[in-house]
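Below are the chains, spelled out letter by letter.
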Amino acid sequence: MAEQAVPRPVDLPSDLRHFIDGKPASSVDGATFPVADPVTNEVYGRVAAGDAADIDLAVAAAKRAFTDGPWPRLSARERAKILNKIADGIEVRAERLAELETFDTGLPITQARGQAHRAAENFRYFADVIVALHEEAYIVGDKQVNYAIRQPAGVAGLITPWNTPFMLETWKLAPSLASGCTVILKPAEWSPLSASLLPEIMAEAGVPDGVFNLVHGIGEQAGAALVAHPDVPRISFTGESGTGQIIMRTSAENLKEVSMELGGKSPCVVFADADFDRAVDAAVFGVFSLNGERCTASSRVLVQREIYDRFVEALAARAAAVKVGPPADPATEVGALIHPEHYARVLEYVEIGKREARLVAGGERPAHLTEGNFLQPTVFADVRPDARIFQEEIFGPVVGVTPFDTEEEAIELANATKYGLAGYVWTKDLQRGHRVARAVQSGMVWINSHNVRDLRTPFGGIKASGVGQEGGVHSIDFYSDVRAIHVAVGDLHTPQFGKQA
Ligand code: NAD
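Draft legend 1. Spatial organisation of the site of the ligand. Taken together, 29 residues sit near the ligand, with Lys186, Glu189, Thr243, Leu262 and Glu393 positioned nearest. Take Thr160: an N or O atom from its main chain is 2.7 Å from an oxygen atom of the ligand. For the ligand, an oxygen atom lies 2.9 Å from a polar atom in the side chain of Trp162. For the ligand, the accessible surface in isolation is 850 Å², of which the surrounding protein chains cover 92%. The cavity that encloses the ligand is the largest pocket. Every element with two or more residues in the shell around the ligand is listed here: α7 (219-228), β11 (234-238) and α8 (241-253). Of the residues that constitute the shell around the ligand, the class distribution is 15 nonpolar, nine polar and five charged.

What follows is the structure, encoded as structure tokens:
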């Protein structure tokens, strides 16, 4: 056990409260829930358990800040300055953020550091976007000019999952605030810690009271109340596809606009002519980084028959050599899974996989880590398309490999699940790369690359992986009401009803 003992971060917050109208707040009814770290699974703190009464307070504050406050009326440049200050505030706390995130989620520290920098970049990027926003205008002959305006939609509800929590929270906060909305963030109940730094970051940057509100709580209580609230016209949700369906149903009551970033089971298609070593690197990184708790994980590797055995062997050897260890150790590549419940679910899939396919690496708790939610990186070969481990999102360090013969078969296999988030294609034949990329039904495809994102590009899934796109100007559009204004600049003929000669 000595090897996995983790020192608790100094000054670890143990009483995590809401932040409403510029002030910390307990729940109206005083309720709390416990939160534990994934290495010891010991409770380190209690979190305010919000419900409808707390959401009502937060929505009222956000609505006041939207209706009467300066935020939606600031010029883009003024808002951008504040967003850049938020980014500064994140950067000066980057090490603390990474430390808290690693402790709370089990993410390896080196990867948590990357997330903190990405979080700051989210704010810098959307600060740039709003000052450089291109608006639509149309000239209709010499009679009319039509132009479109974007106005902030109002109070936005932001509901986030437990994987890479701070990065995903800021991925929603940055564009919603940039657009001029006021917001209520509901972080995931298993990873509330890093969000506790947001109130001071926002206050220091000069975000007015009521613009940023944070309500912790259980999804079915705080989250559901936020979704049902009639004064919240936008819900941006990232999480499981099933939860997304529930949220869409509730949102229909108030005809809310929703953005849904959901689950995935993304294929990595490797043709025989691919750069073998780079494809192996990408397949290993794609599924084992972020502990495999990654929506865009390449969890199904489809390999052309000519190189299949060699590829399986290489993947298994690399998986066996991946360093699983304490998340705070800089040498660790795979840390601890978020929660015992999720760990049990992933282990259940490993058992299912042992019945459905051929286990070639992992499949057990690492011998040197006797406690905590640790799993050896696990590789199954000869996975058939009707197998549950081929069809269902496992969300852990588990990958299945399936052989194919032809390009047509590769495409058919790639599209043979309900999901459509990401896809990866490896081939030296660029024409084939483009062809397959277009045929793979997913919101994003990378050719000869692992998941490297430019924030300007659309981000989102199709099929059961999402509704709508975020990223770049797509995010600004989502948090805005887009309206058209038509101006007559010449003598426009109007039919003269009731004025007959
Ligand atoms: P989850 O759906 O269980 O929970 C996500 C959030 O929704 C949490 O904050 C939770 O409290 C809240 N919630 C739960 N029930 C709710 C309800 N009835 N009403 C309102 N809110 C509710 O998901 P999770 O287990 O936290 O996250 C893992 C999932 O997220 C995986 O499926 C993963 O693929 C997906 N994900 C998708 C993306 C993407 O961009 N597509 C990114 C990251 C994670």
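Draft legend 2. Region of the structure containing the sheet that holds strand β6 (residues 137-140). Pairing is antiparallel in the open sheet, where three strands are placed in the order β6-β7-β21. Single-partner strands in this sheet number two, and they are β6 and β21 (480-488). Neighbour to neighbour, the strand axes of the sheet diverge by 20 degrees on average, direction disregarded.

Draft legend 3. Up close: a nonpolar patch on the surface. A surface patch of nonpolar side chains, amounting to about 240 Å² of accessible area, comprises Tyr147, Val487 and Val489. The topology assignment puts Val489 in the segment after β21. On the basis of relative accessible area, Val489 is assigned to the exposed category, the value being 54%.

About the cut-offs
- Residues numbered from 1 in each chain as written.
- Predicted model: local features only at pLDDT ≥ 70, side-chain atom pairs only at ≥ 80, totals over all residues.
- Heavy atoms only, no water.
- Near = heavy atom within 4 Å.
- Polar contact = N/O pair within 3.5 Å; in protein donor to acceptor, adjacent residues only side chain to side chain.
- Areas by Shrake-Rupley, 256 points an atom, 1.4 Å probe, with all protein chains shown as cover.
- 1 Å grid on protein atoms, 1.4 Å probe; cavity = no way out; pocket = protein on both sides within 12 Å on 5 of 7 lines; lining within 4 Å.
- Sits in = over half its atoms within 2 Å of the grid points.
- Helix = DSSP H or I, 4+ residues; strand = E, 2+ residues; numbered from the N terminus.
- Nonpolar A, V, L, I, M, F, W, Y, C, P; charged D, E, K, R; others polar.
- Pairing = 2+ DSSP bridges.
- Axes fitted to C-alpha atoms, helices over the stretch in contact; angles between N-to-C directions.
- Patch = residues over 30% accessible without salt bridge, like charges linked within 9 Å, V, L, I, M, F, W, Y side chains within 5 Å.
- Salt bridge = Lys/Arg side-chain N within 4 Å of Asp/Glu carboxyl O.
- Buried < 20%, exposed > 50% of the residue type's maximum accessible area, 1.4 Å probe, protein only.

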